[in-house]
Amino acid sequence: MLKKQKTDKRKAAWEKELHYIYKQEEKLRKAAGRIAAPGWKEGLEKKIPPKIYGSLEKAFCKAFSIIFEKGNAVIEKSYNKDAILKDYAVQNYAVQIKGTGKELKQLRKAAKSPDMRNMAITTVEGIGLGALGIGLPDIVVFTGFLLKGIYETALHYGYDYEKPEEKLLILKMMETALSKGEDWNQNNEEVDRFLKEGLKDRKEVLNAEDMNEEDPDSKDMEAAISDQTKRTAQTFALDMLLLKFVQGLPVIGVLGGAGNPVYYRKVLQYVQIKYQKRYLMSELKNNKMPAAK
C-alpha cells in the first residue's frame with residue numbers, strides 16, 4: 001500500500017513537470033506563429049545584396065562542420081565535463097529515490113545554471129567584434145557558444161552529445177528553434193517523434209530516406225548530418241541576416257553583435273525544454289508509468 005502511494009506520488013510529480021513543459025512548448029508555438037517581421041526590418045533586408053545571404057549560409061555551415069569535426073575538444077575546455085556528469089548522477093539518484101517535484105525542479109535548475117554566464121560572454125564577444133565591424137568571423141565563435149550551452153544541457157540530463165544521432169538531433173532542435181509558422185510545427189513534430197522513438201524510425205523522424213537501419217554510425221548517418229547541417233545553416237542565415245550584416249559595419253556593428261544573447265536564449269530555451277521533456281518521458285517509460293497529456 002505504501003509502495004503504491006509512493007509510486008502514485010512520484011508519477012503525479014513527473015506529470016506535473018511534464019504539464020509545465022507542455023505550457024512552455026505552447027508559448028514557443030505561439031511565438032513562432034507570429035511570422036510577420038517588422039516593416040523596417042523587411043525594408044532593410046531587401047537592401048542587403050543576395051550574395052550576403054549565401055556567404056552567411058556558407059559561414060554557418062562551415063562553423064557547424066568545424067566544431068562537430070574538430071571543435072568539441074576546444075569547447076570542452078570551457079567547462080568541467082566530469083563535474084557536470086557527477087552532478088547529474090547525484091541529481092538523477094535523488095530523482096530515482098524520492099522523485100518529488102523538488103528533485104525535478106533542482107534538475108531543471110542545474111541544467112539552466114550556465115545560461116547567465118554564457119549569455120554574458122557572448123554579449124561581450126558580439127558587441128566587441130561588432131564595434132570593429134567584424135560580422136562573418138563572429139559566426140564560428142557564436143556557434144561555439146551555442147553548442148557549449150547545448151552540450152552542457154545534454155550532460156545535465158545524462159545524454160552523450162558525441163553520438164552521431166545526438167548531433168543530428170541537436171542540429172534539428174537548433175533549426176526548429178529559429179523556424180517560423182508551419183515550418184516550426186513540422187520540425188517540432190519531428191523532434192518530438194525522435195524524443196519518443198529515438199532513431200527507431202529515423203527515416204520519418206529526420207527526413208533521411210536512404211539511411212541504413214542496421215548501422216546508425218554508417219556513411220548514411222554522415223550524409224544525414226550533412227543534409228541537416230545545411231538546413232540548419234539556411235534557417236540561421238535567414239533569421240540572422242540583418243543582424244550579421246549590420247555587425248559587419250564598423251561602429252554601428254555593436255547593434256548586430258548585441259543580438260547574440262537574444263538568439264542564444266531563444267535556441268537554448270527550446271533545447272532545454274526538449275531535453276527536460278526527453279528525460280521525463282524516459283523516466284516515465286522506464287518506470288512503466290504512461291505519461292498523460
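First things first, this report covers the structure right here in the doc. (Residues numbered from 1 in each chain as written. Predicted model: local features only at pLDDT ≥ 70, side-chain atom pairs only at ≥ 80, totals over all residues. Heavy atoms only, no water.)

### Details of the overall build of the protein
(1) Moving on: From N to C terminus, the protein includes 14 helices and zero strands.
(2) Moving on: Scanning the protein from its N terminus toward the C terminus, one meets helices and strands in the order α-α-α-α-α-α-α-α-α-α-α-α-α-α.
(3) Moving on: Put simply, the protein has 293 residues, and 48% of those count as buried.
(4) Moving on: Of the contacts formed within the protein by residues at least 6 apart in sequence, a portion of 80% connects residues at least 24 apart.
(5) Moving on: Surface exposure of the protein reaches about 15100 Å², of which carbon and sulfur atoms provide 58%. (Helix = DSSP H or I, 4+ residues; strand = E, 2+ residues; numbered from the N terminus. Buried < 20%, exposed > 50% of the residue type's maximum accessible area, 1.4 Å probe, protein only. Contact = heavy atoms within 4.5 Å. Areas by Shrake-Rupley, 256 points an atom, 1.4 Å probe, with all protein chains shown as cover.)

### Structural notes on helix α9 (residues 181-197)
(1) Moving on: Between its first and last C-alpha, α9 extends 25 Å over 17 residues, near the 24 Å set by a 1.5 Å rise per residue.
(2) Moving on: Following α9 by one or two positions, G198 adopts a phi angle in the positive range, close to 65°. (Expected span 1.5 Å × (residues − 1).)

### Some remarks on the side chain of E103
(1) Moving on: Note on placement: E103 falls in helix α5 (residues 101-112).
(2) Moving on: K98 provides the closest opposite charge to the buried, unpaired E103, separated from it by 4.5 Å.
(3) Moving on: Once residues lying within four places of it in the same chain are set aside, the contact partners of E103 are Q91, A94, V95 and K98. (Lys, Arg positive; Asp, Glu negative; His and termini not counted. Salt bridge = Lys/Arg side-chain N within 4 Å of Asp/Glu carboxyl O.)

### So, the packing of aromatic side chains
(1) Moving on: Evaluation of the coordinates by the stated rule reveals seven aromatic pairs.
(2) Moving on: Taking the centre distance of 5.9 Å and the plane angle of 90° together, the rings of F64 and F236 count as edge-to-face. Taken together, the residues span a long stretch of sequence, with F64 in helix α3 (residues 50-76) and F236 in helix α11 (residues 219-239) at a distance of 172 residues. For the pair formed by F64 and F236, the shared burial category is buried. (Phe/Tyr/Trp six-rings, centres within 6.5 Å; stacked < 30°, edge-to-face > 60°.)

### Side note on the pattern of salt bridges
(1) Moving on: Applying the stated criterion to the full structure yields 12 salt bridges.
(2) Moving on: For E25, the salt bridge is made with K277, and the minimal N-O distance between the two is 3.0 Å. Of this pair, E25 sits in helix α1 (residues 2-33) while K277 sits in helix α14 (residues 260-286), and the two are 252 residues apart along the sequence. In terms of burial, E25 and K277 fall into one category: buried.
(3) Moving on: Among the salt bridges present, the one from E166 reaches R278, with a minimum N-O distance of 2.6 Å. Residue E166 is found in helix α8 (residues 164-177), and its partner R278 is found in helix α14; the two are separated by 112 residues along the sequence.
(4) Moving on: Judged by relative accessible area, R278 falls into the buried class, the value being 12%.

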